[in-house]
Amino acid sequence: MARSLKKGPFVDDHLLKKIEEMNKKGDKRLIKTWSRRSMIIPDMIGHTLAVHNGNKHVPVYVTEQMIGHKLGEFAPTRFFRGHAGSDKKTAKK
């Protein structure tokens, strides 16, 4: 379910504070965050955020097309490595 428009986008306060400080200074450092639930806002464009996927931090470069999406959408938590018995070399015909 989508968030109500009257509430506005949700961004964790600590992340928003870091973004605003970097925008004032004109700095473009990597920001580590565990906040997968935060929505991408226009102030974040051009920054690289290291979003935690449960195992490690995945670098995500924020572009204009990402506005309105959540940070967690760009750091997958599960990786499909194929089915156990689908090795074609060992399959009998």
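Residues numbered from 1 in each chain as written. Predicted model: local features only at pLDDT ≥ 70, side-chain atom pairs only at ≥ 80, totals over all residues. Heavy atoms only, no water.

(A) Expanded view of the side chain of His52. Relative to the elements of secondary structure, His52 occurs in strand β2 (residues 48–52). Within polar-contact distance, the side chain of His52 engages the backbone nitrogen of Gly54 at 3.2 Å. (Helix = DSSP H or I, 4+ residues; strand = E, 2+ residues; numbered from the N terminus. Polar contact = N/O pair within 3.5 Å; in protein donor to acceptor, adjacent residues only side chain to side chain.)

(B) Main features of the environment of Arg3. Structurally, Arg3 can be placed in the segment before α1 (13–25). A relative accessible area of 41% means that Arg3 is categorised as partly exposed. Apart from residues lying up to four places away in sequence, Arg3 is in contact with Gly8, Pro9 and Phe10. A polar atom in the side chain of Arg3 sits 2.5 Å from the backbone oxygen of Gly8. (Buried < 20%, exposed > 50% of the residue type's maximum accessible area, 1.4 Å probe, protein only. Contact = heavy atoms within 4.5 Å.)

(C) How the structure looks around the pairing of β2. The buried fraction of β2 amounts to 4 of the 5 residues, a majority that puts the element mostly inside the structure. Bridging between strand β1 (residues 30–33) and β2 involves 4 bridges; their strand directions are parallel. Bridge pairing in β2 links Lys32 to Ala50. Two elements, β2 and strand β3 (residues 57–61), share 5 bridges in a ladder whose sense is antiparallel. Pairing of His52 across the sheet is with His57, part of β3. (Pairing = 2+ DSSP bridges.)

(D) Structural view of the environment of Thr48. Mapped onto the secondary structure, Thr48 falls in strand β2. Look at Thr48 and you get partly exposed, because its relative accessible area is 25%. Between the alpha carbons of Thr48 and Arg29 there is a distance of 7.1 Å; along the sequence they are 19 residues apart. Ignoring any residue separated from it by four or fewer positions in sequence, one finds Thr48 in contact with Arg29, Leu30, Ile31, Pro59, Val60 and Tyr61.

(E) Representation of the sheet that holds β1 in the model. Ordered in space as β1-β2-β3, the 3 strands form an open sheet in which the pairing is mixed. Across the chains shown, the open sheet's two edge strands, defined by having one partner strand only, are β1 and β3. With direction set aside, neighbouring strand axes in the sheet form an average angle of 25°. (Axes fitted to C-alpha atoms, helices over the stretch in contact; angles between N-to-C directions.)

(F) Focus on the environment of Ile41. Residue position: Ile41 is located in the loop between β1 and β2. Here Ile41 falls in the buried class, since its relative accessible area comes to 11%. Separated by 19 residues in the primary sequence, Ile41 and Val60 place their C-alpha atoms 14 Å from one another. Residues in contact with Ile41, not counting those within four places in the same chain, are Pro9, Val11, Leu16 and Ile67.

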